[in-house]
Number of protein chains: 2
Amino acid sequence: MAKAFVFNAQDLFDFMVRFFMKLGVPKDRAKITAEILQSADLRGVSSHGIIRLQTYYGSRLQKGLINPLANNEIIRETPASIALDGNNGLGQVSGKDAMLRCIEKAKTSGVAMVTVRNSNHYGIAGYYAMMALEHEMIGISFTNAQPLVAPTFGKNRLLGTNPIAVAAPAFSEKPFVLDMATSIVPIGKVTVFDKAGDQLPEGWAVDSDGKSTTDPKSVLNGGALFPLGGPEILRGYKGYGLALWVDIFSGILSGAAFGKNVANPGNLANANVGHFFAAMRLDAFRDPNEFKQDMDALFQQLKTAEKAVGHDRIYIHGEKEFELSDKYIKDGIPLLEQVVKSLQSAGEAIGVPFDLHTLGEKDLDPAHAGN
Amino acid sequence: MAKAFVFNAQDLFDFMVRFFMKLGVPKDRAKITAEILQSADLRGVSSHGIIRLQTYYGSRLQKGLINPLANNEIIRETPASIALDGNNGLGQVSGKDAMLRCIEKAKTSGVAMVTVRNSNHYGIAGYYAMMALEHEMIGISFTNAQPLVAPTFGKNRLLGTNPIAVAAPAFSEKPFVLDMATSIVPIGKVTVFDKAGDQLPEGWAVDSDGKSTTDPKSVLNGGALFPLGGPEILRGYKGYGLALWVDIFSGILSGAAFGKNVANPGNLANANVGHFFAAMRLDAFRDPNEFKQDMDALFQQLKTAEKAVGHDRIYIHGEKEFELSDKYIKDGIPLLEQVVKSLQSAGEAIGVPFDLHTLGEKDLDPAHAGN
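Reading the values: the criteria
Residues numbered from 1 in each chain as written. Chains lettered and ligands numbered in written order. Predicted model: local features only at pLDDT ≥ 70, side-chain atom pairs only at ≥ 80, totals over all residues. Buried ≥ 20, exposed ≤ 12 C-beta atoms within 10 Å, placed from the backbone. Helix = DSSP H or I, 4+ residues; strand = E, 2+ residues; numbered from the N terminus. Pairing = 2+ DSSP bridges. Contact = placed C-beta atoms within 7 Å. Nonpolar A, V, L, I, M, F, W, Y, C, P; charged D, E, K, R; others polar. Least-squares fit on C-alpha atoms with pLDDT ≥ 70 in both. Core = buried A, V, L, I, M, F, W, Y, C linked by C-beta atoms within 7 Å. Axes fitted to C-alpha atoms, helices over the stretch in contact; angles between N-to-C directions. Domains from an automatic or database assignment.

## Here we look at the pairing of strand 7 (residues 176–180) of chain A
Of all 5 residues making up strand 7 of chain A, 5 are buried, and the element is well covered by its neighbours. Of the two faces of strand 7 of chain A, the one holding F176, L178 and M180 of chain A and the one holding V177 and D179 of chain A are both buried throughout.

## Some words on the sheet that holds strand 10 (residues 224–225) of chain B
Residue and element names in this part refer to chain B. The strand order across the open sheet built from 3 strands is 9-8-10, with neighbouring strands paired in antiparallel fashion. The two strands at the open ends of the sheet, each matched to only one other strand, are strand 9 (212–213) and strand 10. Examined bridge by bridge, strand 8 (residues 205–206) and strand 9 share 2 bridges and lie antiparallel to one another. In the sheet register, V206 faces strand 9, and the bridge partner there is S212.

## Considerations on the interface of chain B and chain A
Counting from both sides, the interface comprises 67 residues of chain B and, opposite them, 68 residues of chain A. Listed by contribution, the elements that provide at least two residues to the side of chain B that touches chain A are strand 2 (73–78), strand 3 (81–85), strand 4 (111–119), strand 6 (164–168), strand 7 (176–180), helix 8 (236–252) and helix 9 (288–303) of chain B. Take the side of chain B that touches chain A: its biggest share by element is 7 residues, from helix 8 of chain B. Classifying every residue of the side of chain B that touches chain A by side-chain character gives 36 nonpolar, 18 polar and 13 charged.

## Details of the relation of the copies chain B and chain A
The transform that puts chain B on chain A rotates by 180° and translates by 0.0 Å along the axis, for an RMSD of 0.0 Å. Viewed as a symmetry operation, the transformation between the two copies matches a two-fold axis. Distance from the rotation axis, computed per C-alpha, reaches its smallest value in chain B at G229 of chain B: 2.1 Å. Take the interface residues of chain B: 100% of them recur as interface residues in chain A, which is what a same-surface contact looks like.

## Quick look at the nonpolar core
By size, the foremost hydrophobic cluster in this structure holds 252 residues, and its most contacted members are C102 and V111 of chain A together with C102 of chain B. With sequence-adjacent residues up to four places away left out, V111 of chain A is seen in contact with A80, A106, A278, A279, M280, R281 and A284 of chain A together with A80, S81, V111 and M113 of chain B.

## Points about the sheet that holds strand 4 of chain B
Taken together, the 7 strands give an open sheet; going across it, the order is 2-3-4-11-5-6-7 (chain B), and neighbouring strands pair in mixed fashion. Two strands in the sheet have a free side with no partner beyond their single neighbour: strand 2 and strand 7 of chain B. Taking the axes of each pair of neighbouring strands and ignoring which way they run, one obtains an average angle of 10° across the sheet. As paired strands, strand 4 of chain B and strand 11 (residues 273–281) of chain B are joined by 7 bridges and run antiparallel to one another. Across the sheet, residue V116 of chain B finds its bridge partner in strand 11 of chain B, namely H275 of chain B. Here helix 8 (residues 236–252) of chain A sits on the sheet in contact with strand 6 and strand 7 of chain B, set at roughly 135° to strand 7 of chain B.

## Thoughts on the environment of T161 of chain A
Residues and elements named next belong to chain A. Relative to the helices and strands, T161 resides in the loop between strand 5 (137–143) and strand 6 (164–168). Among the residues examined, T161 registers 26 C-beta atoms within 10 Å and is labelled buried. When neighbours within four sequence positions are excluded, T161 is seen to be in contact with A145, L148, V149, A181, T182, S183, P186 and L225.

## Section: the domain arrangement of chain A
All names here are of chain A. When its domains are assigned, chain A resolves into domain 1 (2–65 + 331–368) and domain 2 (73–284). Of note, the centres of domain 1 and domain 2, computed from C-alpha atoms alone, are 22 Å apart. On the domain 2 side, the residues contacting the 15 residues of domain 1 number 14 residues. Of the residues forming the side of domain 1 that touches domain 2, the biggest block, 7 residues, is contributed by helix 2 (residues 27–42). Taken together, the residues of the side of domain 1 that touches domain 2 break down into 9 nonpolar, 4 polar and 2 charged.

Right under this line is the structure:
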């Protein structure tokens with residue numbers, strides 16, 4: 001367990017807005033970026049939240065590697081699709097604009113798809129998929145990312161953890177929100193095990209020979225993550241196929257970088273990340289209320305089913321995250337002490353002090369950070 | 001190893017056409033159904049091929065549980081989507097018609113999506129996704145299926161092996177064809193291990209307590225398959241989420257059955273299977289040649305990358321299947337002796353003798369049947 005400090009969500013949001021504005025991001029864009037980063041912290045995906053404020057966004061804005069004033073530009077358009085160029089803007093600003101355009105298109109065409117090339121890390125994929133929910137639509141978002149995953153029978157990092165996010169509304173139940181990396185775990189999880197001196201579970205990752213290993217150091221030093229499924233005997237080639245699918249839709253279809261060429265955040269070059277979005281009106285296919293009632297019925301089938309011995313609950317995707325989000329909005333968001341320190345020094349460096357009142361201290365299991 | 005007989009692909013196709021016609025299926029529809037069944041055999045997915053001719057299709061046609069004369073009917077339509085009712089027709093006939101309509105829609109709208117409710121087992125999902133390839137489009141197809149998979153922390157069969165298929169063209173390389181069940185293995189694979197008296201690999205399936213087991217009998221008698229990923233530690237809830245996604249798009253969005261209500265092929269009721277299709281014009285997003293050249297480049301990155309120790313090839317999804325298909329068209333398709341016997345007795349029963357000339361015998365590893 002590690003020491004954490006709890007902060008009010010609005011206070012953290014306001015700090016992030018001040019931080020971005022100081023780095024030249026206009027207020028409305030600073031708010032969008034802060035909101036999407038905070039949505040990750042609220043949903044328990046802290047690896048994609050405020051922890052990256054300086055390490056990814058701040059540092060790249062300061063080096064001129066992200067253009068805070070860039071606008072999405074239409075490259076191609078059909079009645080049900082748009083291909084956009086993000087012009088190396090903030091991934092969140094570009095991504096939110098792209099999904100809004102996708103939803104607008106779907107209003108007239110029934111369904112729509114939008115790609116974005118030349119973008120940057122856009123935070124959690126789930127945020128964009130969830131934007132569709134309030135419009136009585138299903139939302140989808142994919143993005144590619146820096147290479148960390150080895151293909152089946154390979155040993156090098158050739159594909160990103162390329163997430164898939166799908167959100168669909170229910171009636172009385174919480175919406176279905178699948179937001180999953182196509183690797184088994186993120187690389188940050190391996191780092192956590194390494195710092196704790198623990199061995200990894202068998203099947204998460206490979207060493208520099210491409211062999212399954214439980215030693216976190218041999219993964220971090222020249223190894224790679226397994227795709228979902230792990231080794232061939234457990235059909236890891238399916239996870240590899242999902243990662244490829246996401247790269248084809250986000251990277252190749254958009255005209256962005258793909259495979260091993262998606263930039264590492266540390267590189268002094270445009271990341272050229274690619275995103276994919278889709279929106280589908282429920283009433284294009286069915287009466288929306290009937291759809292939502294059937295979603296409830298399916299979830300009830302699952303939740304009331306007999307549990308495996310030793311377990312007392314079957315979850316629907318997104319359910320835990322909605323519960324956590326409610327709790328964090330009410331009680332505050334816990335940040336690990338090391339994260340607080342990094343925010344203090346990042347803020348100090350640019351004259352935006354991290355001087356927030358803490359709501360208290362708590363012990364946090366760092367192994368639960370990230371997804 | 002088990003004895004197999006080799007038959008000419010065209011001979012097998014012609015037999016299937018005669019078989020279906022005898023059961024009241026019009027010739028053009030018999031050809032469509034035979035073609036899609038054979039595409040599974042050619043691609044090595046023998047679990048979805050001629051082996052089901054009588055066990056699924058023939059038996060249900062004879063019992064009046066599938067209407068061979070049914071037509072797809074439009075329930076809802078927008079510029080980029082159609083919701084169809086299959087009227088309990090053959091899944092292949094309904095599915096091919098639905099994907100053709102989807103491709104036609106995409107020609108004018110850029111992208112399109114089509115759902116089908118009230119259908120039957122449609123064979124391999126990959127066939128429909130691949131239909132898009134010759135139109136310079138990307139194709140997608142999902143279908144739900146009889147319940148065989150337990151949700152994470154559950155123990156009962158609540159979801160189908162709900163496949164995901166995505167096909168995208170390349171330039172000189174073979175197209176990308178992902179066609180994967182969202183379970184680790186199909187139930188047929190467990191049966192093969194049981195018949196051979198072998199133990200299952202750890203992590204494929206659970207017993208009637210919901211506990212991971214290596215005993216095939218305890219899976220077949222009241223157990224269930226694990227979703228892709230397997231147990232929680234290897235993130236099986238992601239595979240569970242993918243299976244749910246497919247059920248939401250194929251079952252709920254279409255208005256078909258879903259979850260545990262998708263009919264078992266043995267039930268004397270309409271199966272009410274649901275399908276989902278999407279087609280995306282490459283030129284809606286990018287110059288198609290640039291897209292295809294980047295596909296080649298990505299595949300070359302992967303194929304020429306360093307191999308894990310003990311391996312000498314990294315595959316792209318669909319590649320093995322294209323090679324096998326070429327070989328089987330040239331050399332004939334091997335069928336296990338027990339499959340030949342079942343075809344002989346099924347043919348005899350309806351007066352369509354399975355009197356094909358065999359091209360020879362060979363030994364086949366039954367463990368390689370199915371995907």
